[in-house]
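Each chain is listed here by its residues.
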Amino acid sequence: MQAQDPCPLADRRVCEATRNLALAVLRRMAVTAVAIEPRIRTLVATRNDPGYALWRLHGDGGRLLLRFDLQKQPDPIWDKLTADLCVLARLADLRTHPPGYYYVHPLTDPRDIAVPLPVNPRGLPPRTIGPLQ
């Protein structure tokens, strides 16, 4: 049984196109992430106006691989991944679409989001995922 599309009938084509674009960005992120660190399974970012900043990287089973210092600019190797993450976060309208519809999940802190890469479809353990704000 297929999940019901949350988009109003008039918006379904736009939502579908946006979801396809989000999937393309996610796939590119996965390639970039694996090239940097093959163990990355989930990216966690926090709102950092005007966009998002990488905060943590998780491996298998939600194990923390790396925590970034938000007071410092990360190494330039992360710039492409961060830029794609910001695009994906902007595409995801979490108020009108369920978590994961655009491959982005809200976390307990409303400023934070998690993006599980395609190699990790289950994402982070449930204790870290919070309600929609």
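Reading guide: rules and limits
Residues numbered from 1 in each chain as written. Predicted model: local features only at pLDDT ≥ 70, side-chain atom pairs only at ≥ 80, totals over all residues. Heavy atoms only, no water. Helix = DSSP H or I, 4+ residues; strand = E, 2+ residues; numbered from the N terminus. Expected span 1.5 Å × (residues − 1). Buried < 20%, exposed > 50% of the residue type's maximum accessible area, 1.4 Å probe, protein only. Contact = heavy atoms within 4.5 Å. Pairing = 2+ DSSP bridges. Axes fitted to C-alpha atoms, helices over the stretch in contact; angles between N-to-C directions.

Asker: Would you explain helix α1 (residues 12-36) in this entry?
Answerer: Residues lying three or four places apart along an α-helix face the same way, a consequence of the helix completing one turn every 3.6 residues. Relative to the 36 Å expected for 25 residues at 1.5 Å per residue, α1 spans 36 Å between its end C-alpha atoms, a close match to the ideal helical length. Along α1, the residues classified as buried are Cys15, Thr18, Ala22, Val25, Leu26, Met29, Ala30, Thr32 and Ala33. At its buried positions, α1 is contacted by β1 (42-48), α2 (79-91) and β5 (112-116).

Asker: What exactly am I supposed to notice about the pairing of β1 here?
Answerer: Each regular strand displays side chains that alternate between the two surfaces of the sheet. Counting buried residues in β1 gives five out of seven residues, a clear majority hidden from the surface. Of the strand pairs in this sheet, β1 and strand β2 (residues 51-58) are connected by seven bridges, and their pairing is antiparallel. The residue of β2 that forms the bridge with threonine 42 is histidine 58. Counting the residues that bridge the hairpin from β1 to β2 gives two residues. Sheet topology places β1 next to β5; five bridges connect them, and they run antiparallel. Residue pairing in the sheet places alanine 45 in a bridge with isoleucine 113 of β5.

Asker: Could you clarify how one ought to interpret the sheet that holds β1 in this entry?
Answerer: Strand-to-strand pairing in sheets goes through backbone hydrogen bonds, with the strands running parallel or antiparallel. Strand order in the open sheet formed by five strands is β3-β2-β1-β5-β4, with antiparallel pairing between adjacent strands. Where the open sheet ends on each side, the last strands, each with one partner, are β3 (64-67) and β4 (105-106). Where β4 and β5 come together, two bridges link them in antiparallel fashion. Bridge assignment links histidine 105 to a residue of β5, and that residue is alanine 114. With respect to the sheet, α2 is in contact with β1, β2 and β5, its orientation differing from that of β2 by roughly 110 degrees.

Asker: Help me out: how do you make sense of the pairing of β2 in this one?
Answerer: With seven of eight residues buried, β2 is to be regarded as a mostly interior element. In textbook terms, the turn of a hairpin is the stretch between consecutive antiparallel strands, and for β2 and β3 this stretch comprises five residues, one of which, glycine 61, has a positive phi near 65 degrees.

Asker: Could you clarify how one ought to interpret unusual backbone geometry in this entry?
Answerer: Note: most peptide bonds trans; most residues except glycine with negative phi. Following aspartate 49, the chain continues to proline 50 via a peptide bond in cis, the omega torsion being 10 degrees. Along the chain, proline 50 falls in the loop between β1 and β2.

Asker: Hey, could you run me through the environment of proline 106 in this one?
Answerer: With respect to the helices and strands, proline 106 occurs in strand β4. Using a relative accessible area of 7% as the deciding quantity, one classes proline 106 as buried. Between the alpha carbons of proline 106 and valine 44 there is a distance of 9.7 Å; along the sequence they are 62 residues apart.

Scope: geometric values only; no functional claims are made or implied.
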